[in-house]
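So you can see what is in the structure, the chains are spelled out below.
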Amino acid sequence: MSEIETKHNMVSIKIDGVEYKAREGEYILNAARANNLFIPAICYLTRCSPTLACRICLVEADGKQVYACNAKVKDGMEITVDTPNILKERRAIMEVYDVNHPLQCGVCDQSGECELQNYTLELEVDSQSYTIADTKRETKNWSSVLHYDAGLCIVCERCTTVCKDMIGDSAIKTTKRGGPALDKALKGSMPKDAYAMWNKLQKSIIAPSNGTEYTNCSDCGECVAVCPVGALVSRDFQYTTNAWDLKRVPATCAHCSSGCQIYYEVKPTSISDRREKIYRVTNEFHYVSLCGAGRFGYDFENRDAKRDPKAFTKAIEAFKKAKVINFTSVITNEEALMLQTLKEKLGVKLINREARAFQIFLEFYKEASGKSLYTLDFKQVMGSDFVISLGISLRNDNPNARYAFNNVQKLNKGAGFYFHPVGDNLVPTFGKNIEMFTHKVGEEELGLLLLLELFADKDKLPKEIKEQLDREKLLEALGKDSAKFDKAFTKMMKKKESFALIVGEDLYFHKRAKNIANLIVALENYSPVKVAMVPPKTNSLGVALICDLDDEANGYTVGYNALGDFRLSALGDGDLDIPALNQQEGTFTNMNKRVLPTNVALDYDGYVLNDIVQELIDAPELTIEWTPHLPKSKGFKAIEFDALPNRYLNDGTEDRGYRLDVVEVEPKPSKIEKFDDKIVLDGQIAYRCNPQRQFNDFTNKAHQIFEEFGLYVSPEMAKKLSKRVIVELDSGNLELDVIVDDRMAGDIVAIPDFKSAENVYELFGASRYQKVIIREV
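The three strands are arranged E11-E12-E13 in an open sheet whose pairing can be described as antiparallel. What marks the edges here is a single partner per strand, and that holds for strand E11 (247-252) and strand E13 (276-282). Taking the axes of each pair of neighbouring strands and ignoring which way they run, one obtains an average angle of 35° across the sheet. The sheet contact formed by strand E12 (residues 261-268) and E13 spans six bridges and is antiparallel. Among the inter-strand pairings, Pro268 is bridged to a residue of E13, identified as Glu276.

Have a look at this one:
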């Protein structure tokens, strides 16, 4: 068990006379769920703060009525789920919910999976005791993807809670809307909770928190996922199908390294076209939150691919004469193993820029620490109470890393540091105890040295580190006033016990990556801070572990979803079609160090990589027959694909795939080098960074992901530029439209890499940052 994991004492409780075990301090509702017991609740979300908005989770604990979502268990507690009075209260609340709810279930998008329907039946509401005047409630389109119907809204506040506690946007809130005067006579005839609910429904509505008609948010759609009724729906999904007509395909999101659990929900396109179509993506929202790419970027399949024998023959010829295979990490572990096998059998070189940088950094970390993998996963990060982000653009690089940073502030009364050269206006809104370090490019080592100064046991530190630890000078170099910071830091540290450091791609592409890896290991060895790493792309960790990647290569190149003399492409624009990841089964290795299964959502009629490998060398018949052969020396296990689970248990346990084994070796840390300010960049700087919701060619193909390829700039930087510019880099120029990102701050501009055809990785070379010249077109 990692030092950061919260250790829970187990206590004994009784629910309806039966003894159960529960974690001390856990909410009654979660304790019941963990023991597979049902207590009704509409408003509560497992990983968020309780709101007491619905009040139907009323139970009796040690003789007193309490709300199960907000009352914590203690040893010996006796709980009764149903009493005559509680059942009366719950029924009255449901009657109030139902009294003016529109009877349009036949056309409502939530029909068939509506919690209001379910609880109305569960609580046997078969008559209505109240007549209450209704108010006008208009529908709104909050964004390009979100539709809100106030007439269907029951103001359970799930949407506002998940947006605040999990996503961090706080883009919507409960607000007053006006309504008829309350009938005081009803107060005496209604149970008190039902009367409070009626008051709330009459007077409240959900609205954008910025005071306009439109949300300023990440368009993640998590509010749609958690809505128990049909009030919040995807504009694209609205009125397209019934929930019960859809087939759910359990899978893993293919877009970033989070590897979130998802369901592709599919059915035939039409009566005449029996090919299935993905209508939406859903998730187990109590246990995992999706970003906008995961929820809305689902239609990236290579739909019309057919077997073309002539193209296949040319592909075989191309592989036979190839010197290089160029590929991205938007592939499965099984495909990575096939490419590695081709390297071993045919002698080709493997080029993957982002996975190679991560692979080298992991080797540096392994050499210094003696461990093949970083210490923490992101569930453990969410269990910390002090979280630090360094070398990663949280908002853009990995949404779930951002969610973890935010959740620590909201639920754990946490604190945090955010180190990054690009200013961010969103991260400071996550909590009151966040210190922002907007440092210069190249000063990442100073951030790590400051962390060693603040958290490490100085008596145990090596001399070469001690010599660099001057708190005042480090703070000054990082743009902080020492006296003000010390005062804030003292407050931040109160009652803090567990510390997590999130690091990312900026460090893997850093000129001094080895020294940075050694500093991180020193921080783990001499302080309570433990590290979690964010792999750059979908399966970068899997590729880095499986493939023997090369730094440089020349000669005839086969591109696998990448540039090359002969291109295999899942986009349908290459020399030979291959399947997209929503048309494959196989596994990914995500940033939580888990090997996760994904399944076929849509049929594919063309060739797959395994067909080519079979033609060239001896290979299994099916792609998933490679799964148990993933290298055990790198932490994989000899488990058949069909034996891999993909679910969450009621207590929140992630029962998906398996966790990689950590391979341990004798640590051989290098001597820490002195910081060299010659690597610090000044002047106009461009940063290789994607806009939120864009990760690769496949998110770019999806019709609900609309973020464009362009030059992303802060509002203040936009005032200095024309609408279209030429950016001059060392290896070439790009002509780009200027796009304002109101959550950016400062003068550093961002150039995306999600379009492989633009070859941005090659333009930036071995760093995410480059000095550039920007001029008007």
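Now that the structure is up, let's keep going.
What follows is about the pairing of strand E14 (residues 324-327). Because side chains alternate across E14, one face comprises the buried residues Val324 and Asn326, and the other comprises Ile325 and Phe327, equally buried. Handedness of the β-α-β unit built from E14, helix H10 (residues 333-346) and strand E15 (residues 349-351) comes out right-handed. Relative to strand E22 (residues 557-560), E14 runs parallel, the two being bridged by four bridges. Within E22, the residue paired with Asn326 across the bridge is Gly559.

Each pair of packed helices gets described by two things: the angle between the helix axes and the distance between those axes. Where helix H11 (residues 353-369) meets helix H20 (residues 513-526), the closest approach of the two axes is 9 Å, and the angle between their N-to-C directions is 45°. By the angle between their axes, H11 is oblique relative to H20. Pair H11 / H20 crosses with right-handed handedness. For the pair H11 and H20, the contacting residues are Phe361, Phe364, Tyr365, Glu367, Ala368 and Ser369 in the first and Ala513, Lys514, Ile516, Ala517, Asn518, Ile520, Val521 and Glu524 in the second.

Okay, the layout of surface pockets next. Considered as a void within the structure, the second largest pocket measures approximately 580 Å³ in volume. Surrounding the second largest pocket, 30 residues form its lining, Asn326, Thr328, Ala562, Leu563 and Asn759 being those nearest its centre. Looking at the lining of the second largest pocket, the elements with two or more residues in it are E14, H11, helix H23 (697-701) and helix H25 (760-764). Class assignment for the residues of the lining of the second largest pocket results in twelve nonpolar, ten polar and eight charged.

Here we come to the sheet that holds strand E19 (residues 434-437). Taken in spatial order, the five strands line up as E19-E17-E16-E20-E21 in an open sheet, and their pairing is parallel. Either end of the sheet is taken by a strand with one partner, and the two such strands are E19 and strand E21 (529-533). The average undirected angle you get between the axes of adjacent strands in this sheet is 15°. Of the pairings in the sheet, the one linking strand E16 (residues 386-390) to strand E17 (residues 415-419) comprises five bridges and is parallel in character. What sits directly across from Ser389, in E17, is Tyr418. Together, E16, E17, E19 and strand E20 (499-503) form the strand contacts of helix H14 (residues 399-411), whose direction differs from that of E16 by roughly 150°.

Below, the discussion takes up the packing of helix H4 (residues 158-167) against H14. Running from N to C, H4 and H14 point in directions that differ by 105°, and their axes come no closer than 7 Å. Between H4 and H14, the interaxial angle falls into the category roughly perpendicular. Residues Lys164, Asp165, Met166 and Ile167 of H4 form the contact with H14, whose own contacting residues are Arg402, Tyr403, Asn406, Asn407, Lys410 and Leu411. For the contact of H4 with H14, the residue count by class is four nonpolar, two polar and four charged.

Per the stated rule, a full pass over the model turns up 52 salt bridges. In this structure, Arg280 engages Glu113 in a salt bridge whose closest nitrogen and oxygen atoms are separated by 2.8 Å. Of the two residues, Arg280 sits in strand E13 while Glu113 sits in the loop between helix H2 (84-99) and helix H3 (115-122), which places them 167 residues apart along the sequence. Given the relative accessible area of 13%, Arg280 is considered buried. Owing to a relative accessible area of 30%, Glu113 belongs among the partly exposed residues under this scheme.

Basis of the calculations
- Residues numbered from 1 in each chain as written.
- Predicted model: local features only at pLDDT ≥ 70, side-chain atom pairs only at ≥ 80, totals over all residues.
- Heavy atoms only, no water.
- Pairing = 2+ DSSP bridges.
- Helix = DSSP H or I, 4+ residues; strand = E, 2+ residues; numbered from the N terminus.
- Axes fitted to C-alpha atoms, helices over the stretch in contact; angles between N-to-C directions.
- Buried < 20%, exposed > 50% of the residue type's maximum accessible area, 1.4 Å probe, protein only.
- Right-handed = clockwise from strand over helix to strand, strands pointing away.
- Parallel < 35°, antiparallel > 145°, perpendicular 65-115°, else oblique.
- Left-handed = near helix turned anticlockwise from the far one by under 90°.
- Contact = heavy atoms within 4.5 Å.
- 1 Å grid on protein atoms, 1.4 Å probe; cavity = no way out; pocket = protein on both sides within 12 Å on 5 of 7 lines; lining within 4 Å.
- Points joined across faces, edges and corners; volume = space filled by probe spheres on them.
- Nonpolar A, V, L, I, M, F, W, Y, C, P; charged D, E, K, R; others polar.
- Salt bridge = Lys/Arg side-chain N within 4 Å of Asp/Glu carboxyl O.

Without other data, these values stay purely geometric and don't point to any function.
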